[in-house]
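Listed below are the residues making up each chain.
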Amino acid sequence: MLNLGILISGRGSNMEAILKSIKRKKIPIKPTIVISNKADAKGLKIAQKMGVKTEVIESKGFKGSRSEYDKKIISALTKNGVTPKNGLVCLAGFMRIISPEFVKKYKNKIINIHPALLPAFPGLDAQKQAVDYGAKFSGVTVHFVDSGVDTGPIILQKVVKVNDGDTEEALAKRILAKEHQAYPEAVKLFAEKRVKISGRKTVIS
Ligand code: GAR
C-alpha cells in the first residue's frame, strides 16, 4: 500500500477532506504524516484528532536555502515511509514554493490543489483574480507539481460558476466545497494507479 504525506500551512480543510474520504471510501493509501511549516496551523490538531502523526518544520526564520528547508521535509517524509517509490505527497494549502530538488526527487509523486481553472489565475489569491477579471466560471484544479508555479499536468478540474456581484469570499466558499470533492477524488485515482502521464497531459483509466 502507498503511504501518504500531506503538507499544510493553515486551516487544513482539504487535508481533512482527504483523511475522511480515505477512511470512508477505503482508498488504498495510508496517511502516515502531516507536516506543517507553521506551528499554529489549525490543521495540525485536526490531523492529530484523526489519529495521524504530525510534524512542524518551521519555515519562519529558517536560515538556510529553500532546498535546505526542503531537505528537512524530505527527511520527515522518508522517515514516515513516504518515498518516491512508495508514496504520494499532497500539498494542501501549503503556501510555499518547493525547490527543484524536491520536485525532481519526487517526480510525478507530488500533487497540488489550486482554487481556479488552470492555466487561468495561477499563484496567490486565485479567487480574487477570477472576481476582478470578471470571469463567468472558475473552479478547482488538482495537478501534478512540476518546476513551475501551478503548471504541472492536470489530473482533474471542477467548474464553479461566478455569480453576478460575487465577492471573493463568496466565490472562495463555493470553490472550497468543490475542492473537498476534487482532492479526495484525485487521491483515489492516484492510489488506484489510474493516472497515467503522457507529456504534459494525464490520461485517466
Ligand atoms: C485552498 O483553497 C487551496 O486551494 C489554496 O489554499 C486553500 C487552503 O485551504 N491553495 C492555493 O491557493 C495554492 N496555490 P485549506 O488549508 O483549508 O485546505
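Right above here is the structure, for reference.
Because the structure is predicted, anything quoted here is derived from the model rather than measured.

Student: Outline the sheet that holds strand 3 (residues 54-56), listing residues and values.
Tutor: Sheet architecture is open: seven strands sit in the order 3-2-1-4-5-6-7, paired in mixed fashion. With one partner strand each, in any of the chains shown, strand 3 and strand 7 (154-161) form the two edges of the open sheet. Across the sheet, the axes of successive neighbouring strands diverge by a mean angle of 20°, strand direction being ignored. Where strand 1 (residues 2-8) and strand 2 (residues 29-36) come together, seven bridges link them in parallel fashion. The residue bridging Leu-2 from the neighbouring strand is Ile-29, located in strand 2. Lying on the sheet, helix 1 (residues 13-25) is in contact with strand 1, strand 2, strand 4 (87-91) and strand 5 (110-114); it crosses strand 1 at an angle near 160°.

Student: With reference to specific residues and values, describe the packing of aromatic side chains.
Tutor: Counting across every chain of the model gives four aromatic pairs. Aromatic pair Phe-62 and Tyr-69: ring centres 5.4 Å apart, planes at 80°, arrangement edge-to-face. Stacked on the ring of Tyr-69, the Lys or Arg Arg-96 has its end atom at 4.0 Å from the ring centre.

Student: Can you lay out the site of the ligand for me, pointing to particular residues and giving the numbers?
Tutor: Taken together, Arg-11, Gly-12, Ser-13, Asn-14, Gly-93, Met-95, Ile-113, His-114, Pro-115 and Glu-179 make up the full set of residues near the ligand. Separating an oxygen atom of the ligand from a side-chain N or O atom of Ser-13 is a distance of 2.6 Å. At 2.9 Å from an oxygen atom of the ligand is found a side-chain nitrogen or oxygen belonging to Asn-14. Across the complex, the protein chains shield 88% of the 450 Å² of accessible surface that the ligand would expose by itself. Listing elements by their share of the shell around the ligand, those giving two or more residues are helix 1 and strand 5.

The rules behind these values
- Residues numbered from 1 in each chain as written.
- Predicted model: local features only at pLDDT ≥ 70, side-chain atom pairs only at ≥ 80, totals over all residues.
- Heavy atoms only, no water.
- Pairing = 2+ DSSP bridges.
- Helix = DSSP H or I, 4+ residues; strand = E, 2+ residues; numbered from the N terminus.
- Axes fitted to C-alpha atoms, helices over the stretch in contact; angles between N-to-C directions.
- Contact = heavy atoms within 4.5 Å.
- Phe/Tyr/Trp six-rings, centres within 6.5 Å; stacked < 30°, edge-to-face > 60°.
- Lys NZ or Arg CZ within 6 Å of the ring centre and 35° of its normal.
- Near = heavy atom within 4 Å.
- Polar contact = N/O pair within 3.5 Å; in protein donor to acceptor, adjacent residues only side chain to side chain.
- Areas by Shrake-Rupley, 256 points an atom, 1.4 Å probe, with all protein chains shown as cover.

Keep in mind that these numbers describe shape and distance, not what the molecule does.
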